[in-house]
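So you can see what is in the structure, the chains are spelled out below.
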Amino acid sequence: MTEEDMVEKSRLYHIAIEWFDARYDETMDGDFYFDDAGNLVLNIVPEKFTLEMKNDLEKCNEFLSKNALTKSGIRTVEVKYTLAELKAIQKKMVDYFKIEGFNSIDVDTINNQIVVHLPESLPHPRKALFSTEIPVDAITIVYEENGEFTSGKEDLSTMASSVDVSPLAAYTNVVPGAAGYNGGGYSTFSWGLQYKGKYCYLFAGHGADVGDSIFYNGQNIGKTIYSKVDGRLDCAIVERFDSYKTISSFLPNGSRLPYSSPKRDYKANDTIWMYGARSARRSGVIESCSSTVYYDGHYISDIILATYYGTHGDSGAPVYYSNTAPLGIHVAYSGNLNRACVVKLHNIIDETGASLYDF
């Protein structure tokens, strides 16, 4: 299947997902996911699967059957827990293990469980964990050697060559997917924003503190006016210095970065793309739609975990559905496990009040 066919297949399936999810919330089913062939699956909890839901699913399949790419429709699998129940169990696991530390605690939609990733050095969990409040069959605990995450900001001292930066603001157009420097290191630019009436650039929070100047191609292009690495966010907002600087909607490889509404209905095993200043264009699949991850002394929640390759310098890189919809920004990775962390773009917009703006 060509990449164009994959994009179109995903687009059609997401039309059905959006329609169905608009009618039923996460207390009613175990969520959609994509199987290894790229076909759509819905985890259903039998006692919650109503006749109305069954009829609506048939309507979705009737729509999907009209295209050869999606003629197999939506397959259903019976599971024990709804998505809301899994998230409640995840919260208990985070509260329990936060004292001792963990690498990540993930909602595993495909297997209808919570996966707890722990360092090898951590003692095995106490018996109190397995109480009536935390069902044993909903949890898998994985001990990992060197499975920790690290943020993707690159230190200038490790670069092959240094950058000559000018302290003076000057006309230059920023390219998303390219490096931005703050003196001590660099991260990757992603989308343009409008924030409190100002034209801005989205950056990684751990890559810039409030007040930092950011340099691009040796020129000062703006100052950081917002930075947060806490809760659901790891992002920074850089205000441009003058009305001449723009951010392109084209990535360094010539493909267009999408500026449609950020995706909110992402599903496990769906294919996504990242464009980093160090790694360039990379693709992978979503492993978990909601994970709490520990890196660089912070616990960040509601993270997307994906299987694309990322490394130092890619922090802040745009993550998106091919050229169709924005998803988030890359913030951290585990090189040994090939697992990358994505902060959701809609969480950034919801919390900061910013909006995507291609200027």
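Since the model is a prediction, treat every value here as computed from it, not as a measurement. Sequence order as written defines residue numbering, which begins from 1 separately in each chain. Owing to the predicted nature of the model, reporting of local features is limited to residues with pLDDT of at least 70; listing and counting of side-chain atom pairs is limited to 80 or more, with chain, interface and lining totals taken over all residues. Only hydrogens and water are removed before side-chain values are computed, so all heavy atoms of the structure are retained for them.

### Some details on the overall build of the protein
- Strands are runs of DSSP state E lasting at least 2 residues, helices are runs of H or I lasting at least 4, and numbering of each runs from the N terminus. Per the secondary structure count, the protein includes four helices and 23 strands.
- As a reference, a globule follows 2.2 Å times the number of residues to the power 0.38, and the radius of gyration itself is taken over C-alpha atoms. Relative to a compact globule of 359 residues, whose C-alpha radius of gyration would be 21 Å, the protein shows 21 Å and is just as compact.
- Taking the principal axes of its C-alpha atoms as reference, the protein extends roughly 65 × 55 × 35 Å.
- Within the span of the protein, comprising 359 residues, buried residues form 53% of the whole.
- Under the counting rule used here, the positive set is Lys and Arg, the negative set is Asp and Glu, and His together with the chain ends is not counted. Here the site of a charge means NZ on Lys, CZ on Arg, CG on Asp, or CD on Glu. Mean positive and mean negative side-chain charge positions of the protein (33 and 47 charges, respectively) differ by 4 Å. Relative accessibility thresholds used throughout: buried, under 20% of the residue-type maximum; exposed, over 50%; partly exposed, between the two (1.4 Å probe, protein chains only).

### Some details on unusual backbone geometry
- A positive phi angle, close to 55°, is found at Asn-146, a residue other than glycine.
- Within the fold, Asn-146 resides in the loop between strand 6 (139-144) and strand 7 (150-151).
- Classification of Asn-146 by relative accessible area gives partly exposed; the value is 44%.
- Residue Asp-302 is not a glycine yet carries a positive backbone phi of 55°.

### Observations concerning the layout of surface pockets
- Grid points spaced at 1 Å and placed over the protein atoms alone form the basis of the search, with a cavity being a set where a 1.4 Å probe fits but cannot get out and a pocket an open set showing protein on both sides within 12 Å along at least five of seven lines. Lining residues have an atom within 4 Å of a point. Grid points are joined across faces, edges and corners, and a volume is the space filled by probe spheres set on the points. Each pocket or cavity is described by its volume, and for the largest pocket that value is around 610 Å³.
- The wall of the largest pocket is formed by 32 residues, among which Glu-26, Lys-87, Ser-290, Asp-302 and Lys-344 lie closest to the centre.
- Elements represented by at least two residues in the lining of the largest pocket include exactly strand 1 (29-34), helix 3 (83-97), strand 18 (280-295), strand 19 (298-306) and helix 4 (345-352).
- The greatest single-element share of the lining of the largest pocket, amounting to six residues, is contributed by helix 3.
- Split by residue class, the lining of the largest pocket holds seven nonpolar, nine polar and 16 charged. Only Asp, Glu, Lys and Arg are considered charged, only Ala, Val, Leu, Ile, Met, Phe, Trp, Tyr, Cys and Pro nonpolar, and every remaining residue, Gly among them, polar.

### Some thoughts on the environment of Arg-75
- Turning to its location among the elements, Arg-75 is positioned in strand 3 (residues 74-78).
- As a C-alpha pair, Arg-75 and Asp-35 span 40 residues in sequence and 9.6 Å in three-dimensional space.
- By the convention used here, residues are in contact when the closest approach between their heavy atoms is within 4.5 Å. Residues in contact with Arg-75, not counting those within four places in the same chain, are Asp-35, Leu-40, Val-41 and Leu-42.

### Looking at the nonpolar core
- Ranked by size, the top nonpolar core spans 31 residues in total, and within it Trp-191, Leu-202, Ile-303, Ile-329, Val-331, Cys-341 and Ile-348 carry the most contacts.
- Here Leu-202 is in contact with Thr-188, Phe-189, Ser-190, Trp-191, Leu-193, Cys-235, Ala-236, Ile-329, Leu-345 and Ile-348, once residues within four sequence places are set aside.
- Judged by nonpolar contacts, the second largest core, of 19 residues, contains Leu-83, Ile-89, Val-94 and Ile-105. Throughout this description, the term nonpolar core refers to a set of buried Ala, Val, Leu, Ile, Met, Phe, Trp, Tyr and Cys residues connected via side-chain atoms within 4.5 Å.

### A word on the environment of Asp-95
- Turning to its location among the elements, Asp-95 is positioned in helix 3.
- Accessibility expressed as a relative area gives 45% for Asp-95, which makes it partly exposed.
- Once the C-alpha coordinates of Asp-95 and Ser-190 are considered, the two residues, 95 residues apart in sequence, prove to be 33 Å apart.

### Observations regarding the packing of helix 1 (residues 3-23) against helix 2 (residues 51-64)
- With axes taken as lines fitted to C-alpha atoms, and helix axes fitted only over the stretch in contact, angles between N-to-C directions fall between 0 and 180 degrees. The N-to-C vectors of helix 1 and helix 2 enclose an angle of 160°; their axes lie 10 Å apart at closest approach. One way to sum up the angle between helix 1 and helix 2 is to call them roughly antiparallel. In terms of crossing hand, the pair formed by helix 1 and helix 2 is right-handed. Contact residues: Leu-12, Tyr-13, Ile-15, Ala-16, Trp-19, Phe-20 and Arg-23 in helix 1; Glu-52, Met-53, Asp-56, Leu-57, Lys-59, Cys-60, Phe-63 and Leu-64 in helix 2.
- In terms of residue class, the contact of helix 1 with helix 2 is made up of 11 nonpolar, no polar and four charged. Angle categories: roughly parallel below 35 degrees, roughly antiparallel above 145, roughly perpendicular from 65 to 115, and oblique for all the rest. By definition, any crossing whose near helix is turned counterclockwise from its far helix by less than a right angle is left-handed, and any crossing with a clockwise turn is right-handed.

### Notes on the packing of aromatic side chains
- For Phe, Tyr and Trp, rings pair up if their centres lie within 6.5 Å, where Trp contributes its six-membered ring, and each pair is then called stacked (planes under 30 degrees apart), edge-to-face (over 60) or tilted (otherwise). Tallied over the entire structure, the rule returns 15 aromatic pairs.
- On the basis of an interplanar angle of 45° and a centroid distance of 4.9 Å, the ring pair of Phe-102 and Tyr-299 is categorised as tilted. Remark: Tyr-299 occurs in strand 19 and Phe-102 occurs in the loop between helix 3 and strand 4 (104-108); sequence separation between them is 197 residues.
- Under the relative-accessibility criterion, Phe-102 is labelled buried at 2%.
- With a centroid separation of 6.1 Å and an interplanar angle of 25°, the aromatic rings of Tyr-357 and Phe-359 are classed as stacked.
- Tyr-357 gets classed as partly exposed once you look at its relative accessible area, which sits at 31%.

### A closer look at the pattern of salt bridges
- When a carboxyl oxygen of Asp or Glu is within 4 Å of a side-chain nitrogen of Lys or Arg, the pair counts as a salt bridge. Evaluated as defined, the whole model comprises 19 salt bridges.
- In this structure, Glu-26 and Lys-87 form a salt bridge, with 3.0 Å as the shortest nitrogen-oxygen distance. Placement of Glu-26 in the loop between helix 1 and strand 1 and of Lys-87 in helix 3 is noted, with a sequence separation of 61 residues between them.

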